[in-house]
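Examining the three-dimensional arrangement
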Amino acid sequence: MTGPVHPSSVAGSAVQPVPLSARLLDWYDAERRHLPWRYAPGQAADPYRVWLSEVMLQQTTVAAVISYFNAFTTRWPTVSDLAAADDEAVMAAWAGLGYYARARNLLKCARVVRDSHGGQFPDTEEDLRRLPGIGTYTAAAIAAIAFGKRAVVVDGNVERVISRMFAVTDPLPGSKDQIRTLADSLTPEERAGDYAQAMMDLGATLCSPRKPACGLCPWMRDCDGRKQGLAEQLPAKVAKAEKPLRRGVAFWIVRWDGAVLLRRRAPEGLLGGMTEVPSTPWREEEWSRADAVPYAPVSADWRPLRGLVRHTFTHFHLELTVLSGVAKGGEYPGCRWVLPEEMEGEALPTVMRKIVRLALGQG
DNA sequence: AAGACGTGGGC
DNA sequence: TGCCCAAGTCT
């Protein structure tokens, strides 16, 4: 045997090997999943919806994205609508999805498209790459899916598929260039968008991180990783650093009418631009009451709430205790009074909603 | 050019 | 329970 056996496209003696890409596309056509941002074959993709979905899907599961995508496209049907939106409204609509720099860059990008591109997304990877929040992957994905351009689309799924297919044992992220070159070698000229989505779908379904369904894979016979019994162990990755534990004290400040004092976080950095329950900084050292209270935006007769809020971010664990106090009201810099029934519409990230839940539960 | 940057689900 | 993971980007 000199190489992989390819099925023939036509029965007969003139055996034409079917390229790997064609076999993947056949699989995709048969297994095509219906997602709100996906279009029927032959239907023109709306670059706005492609862009929005790709940004939402960065490091985020399909299941988590669907309701946000539907909410955004209903409320802001075009990139011009989004460009005209209030920052606060967009941040509130994004609340819970995570990686909030994406939402800040989403607005920046929409406004650049409006102001510098006549309201139309550019159609080349190079120009897309210049827009805020669009990196190598997203530029390639939009070029391929929205504009049908051949592009080497490499996300985490593709890295997994390719590293298995070619039995790349060097660990990520060092092997990224190698994987990109190999991915390039398989990428066809035709059906660029379908091929990109097919690769990602393959990684998301059959070629999954654990228990890959090799028996159903259109590339089963060609996969070096499977042949070598390595598939499930790939891609290799360098070990991640341990997450430190940080601690903080949050201040649940209630006014006579039940309104709670919330604060706007700094525009950049962790949870940048989002709303918070005021708190001390988060540090590894434990807080004494005397250490913490000077960070409260108001003075009050503090009473500790029962329990603890635990939350894990990408790079640290967080434990928050909560001090509750009653304040007279008034204005405080960067702060607003919000009734509990209005919390829903606030740009409160999940960790902050955990504090709200804890406090309201002891109302 | 490592590290910052969220969250929820699965095992 | 705790760790790994998901359609990455920015600095």
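What you see is a predicted model; the values in this text were computed from it and never measured.

The rules behind each value
Residues numbered from 1 in each chain as written. Chains lettered and ligands numbered in written order. Predicted model: local features only at pLDDT ≥ 70, side-chain atom pairs only at ≥ 80, totals over all residues. Helix = DSSP H or I, 4+ residues; strand = E, 2+ residues; numbered from the N terminus. Buried ≥ 20, exposed ≤ 12 C-beta atoms within 10 Å, placed from the backbone. Contact = placed C-beta atoms within 7 Å. Domains from an automatic or database assignment. Nonpolar A, V, L, I, M, F, W, Y, C, P; charged D, E, K, R; others polar. UniProt positions renumbered as here; feature names shortened; annotations may be inferred. Core = buried A, V, L, I, M, F, W, Y, C linked by C-beta atoms within 7 Å.

What follows deals with the overall build of chain A. Across its full length, chain A holds 14 helices and 7 strands. Counting only C-alpha atoms, chain A reaches 90 × 50 × 30 Å along its principal axes. Of all 363 residues assigned to chain A, the portion counted as buried reaches 34%. Here the contacts in chain A between residues at least 6 apart in sequence split such that 68% fall between residues at least 24 apart.

Splitting chain A by domain gives domain 1 (20–233) and domain 2 (245–360). Between the C-alpha centres of domain 1 and domain 2 the distance comes to 36 Å. Every contact between the two is made by 8 residues of domain 1 and, on the other side, 10 residues of domain 2. Within the residue set of the side of domain 1 that touches domain 2, elements represented by two or more residues are helix H5 (87–94) and helix H6 (101–116). It is H5 that contributes the most residues to the side of domain 1 that touches domain 2, 3 residues altogether. Its residues assigned to classes, the side of domain 1 that touches domain 2 shows 5 nonpolar, 1 polar and 2 charged.

What follows deals with the UniProt feature "domain: HhH-GPD" (unreviewed entry) in chain A. With numbering aligned to this structure, UniProt lists the feature "domain: HhH-GPD" (unreviewed entry) at residues 56–205. Taken end to end, residues 56–205 has its terminal C-alpha atoms 19 Å apart, with 63% of it in helix and 0% in strand.

It is worth spelling out the nonpolar core at this point. Judged by nonpolar contacts, the single largest core of 91 residues is most densely connected at Ile142, Met199 and Ile355. Tallying contributions element by element places helix H8 (residues 136–147) first for this core, with 9 residues. Taken domain by domain, the makeup of this core includes at least three residues from each of domain 1 (20–233) and domain 2 (245–360). In contact with Met199, not counting residues within four places along its chain, are Leu24, Val153, Asn157, Val158 and Val161.

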